[in-house]
Amino acid sequence: AVVAAPLDEQANPGLSPNPAKAPWYFMGVQELLVHLHPSFAVLVAPLLGIGFLAGVPFLHYGEAHSGFWFHSGRGKRAAAYAMFAALLLVPAAVLLDEHVVHWTQLFPGLPPAVSTGLIPLAIGIAVVLALVLFLKRSLSLTRLEAVQALFAFAAVTLVVLTVVGVVFRGPSMRLRWPW
């Protein structure tokens, strides 16, 4: 065995573990629950992601679909830049939300669904769209390449949120070092 993985004690139905974590494949969504209002983390953000994935086949790209992901070096570079940006921006956003930005204090008169849900989600979407538009203009990307870069950003974002939730969340869902 590479890593020892001992079993914990027998489950006690009267005592939940701290933290009660979802299975690893749902940790990205549970990590969103730490940062967004529950309605936005569990309903709005996933529905936007599913809507994006469902709408991708219906976009008109102005070119023949060949089944290849990248038609040019520009598309590969754009996807690599988008993945690198996600590797930098997502942990930075997690750290900012955890230690610096307190949405309810910034917007004390607003309902929590707006101050901790709508505003952070809108800012996140605006940053991602600005990044994709910047890549589209600076690298002269086609619509297909821009959508692929957006998909690469979203995929790496989900992976990073999952890793943060599985590895870096400790008691009371606080950030901690894994060792």
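In what follows, the structure referred to is the one given above.
We now turn to the structure provided with this report.

**Quick notes on the nonpolar core**
Ranked by size, the top nonpolar core spans 20 residues in total, and within it Leu135 and Phe153 carry the most contacts. Among the secondary structure elements, those contributing two or more residues to this core are helix H3 (73-99), helix H5 (112-138) and helix H6 (143-167). Among the elements that line this core, the one with the most residues is H6, at eight residues. In this view, Leu135 contacts Ala78, Tyr81, Ala82, Ser140 and Leu141; residues no more than four positions away in its chain are not counted. Core analysis: the second largest hydrophobic core is formed by five residues, Leu36, Phe40, Ala45 and Leu121 among them.

**With respect to the packing of aromatic side chains**
The tally for this structure, following the rule as stated, stands at four aromatic pairs. When the centroid spacing of 6.4 Å and the interplanar angle of 5° are considered together, the rings of Trp103 and Phe107 count as stacked. A relative accessible area of 28% means that Phe107 is categorised as partly exposed. Here Phe168 and Trp177 contribute two aromatic rings whose centre-to-centre distance is 6.3 Å and whose plane-to-plane angle is 75°, an arrangement assigned as edge-to-face. A relative accessible area of 25% places Phe168 in the partly exposed class. For Trp177, a relative accessible area of 60% puts it in the exposed group. Grouped by ring-pair contacts, the aromatic residues Trp24, Tyr25 and Phe26 constitute a single cluster.

**Comments concerning the layout of surface pockets**
Estimated volume of the largest pocket: approximately 1,500 Å³. Lining the largest pocket are 39 residues, and of these Leu32, Leu121, Gly124, Val128 and Thr157 sit closest to its centre. Listing elements by their share of the lining of the largest pocket, those giving two or more residues are helix H1 (27-35), helix H2 (38-55), H3, H5 and H6. The residue inventory of the lining of the largest pocket, partitioned by class, reads 33 nonpolar, five polar and one charged. Forming the walls of the second largest pocket are Asp8, Glu9, Gln10, Ala11, Asn12, Leu15, Ser16 and Pro17. Classifying every residue of the lining of the second largest pocket gives three nonpolar, three polar and two charged.

**Points about the pattern of salt bridges**
Applying the stated criterion to the full structure yields three salt bridges. Between Arg169 and Glu98 there is a salt bridge, with its nearest N and O atoms 3.1 Å apart. With Arg169 in the segment after H6 and Glu98 in helix H3, the pair connects residues that are 71 residues apart, well separated along the chain. Given the relative accessible area of 22%, Glu98 is considered partly exposed. The network of salt bridges with shared partners includes Glu31, Glu98 and Arg169.

About the criteria used
Residues numbered from 1 in each chain as written. Predicted model: local features only at pLDDT ≥ 70, side-chain atom pairs only at ≥ 80, totals over all residues. Heavy atoms only, no water. Core = buried A, V, L, I, M, F, W, Y, C linked by side-chain atoms within 4.5 Å. Buried < 20%, exposed > 50% of the residue type's maximum accessible area, 1.4 Å probe, protein only. Helix = DSSP H or I, 4+ residues; strand = E, 2+ residues; numbered from the N terminus. Contact = heavy atoms within 4.5 Å. Phe/Tyr/Trp six-rings, centres within 6.5 Å; stacked < 30°, edge-to-face > 60°. 1 Å grid on protein atoms, 1.4 Å probe; cavity = no way out; pocket = protein on both sides within 12 Å on 5 of 7 lines; lining within 4 Å. Points joined across faces, edges and corners; volume = space filled by probe spheres on them. Nonpolar A, V, L, I, M, F, W, Y, C, P; charged D, E, K, R; others polar. Salt bridge = Lys/Arg side-chain N within 4 Å of Asp/Glu carboxyl O.

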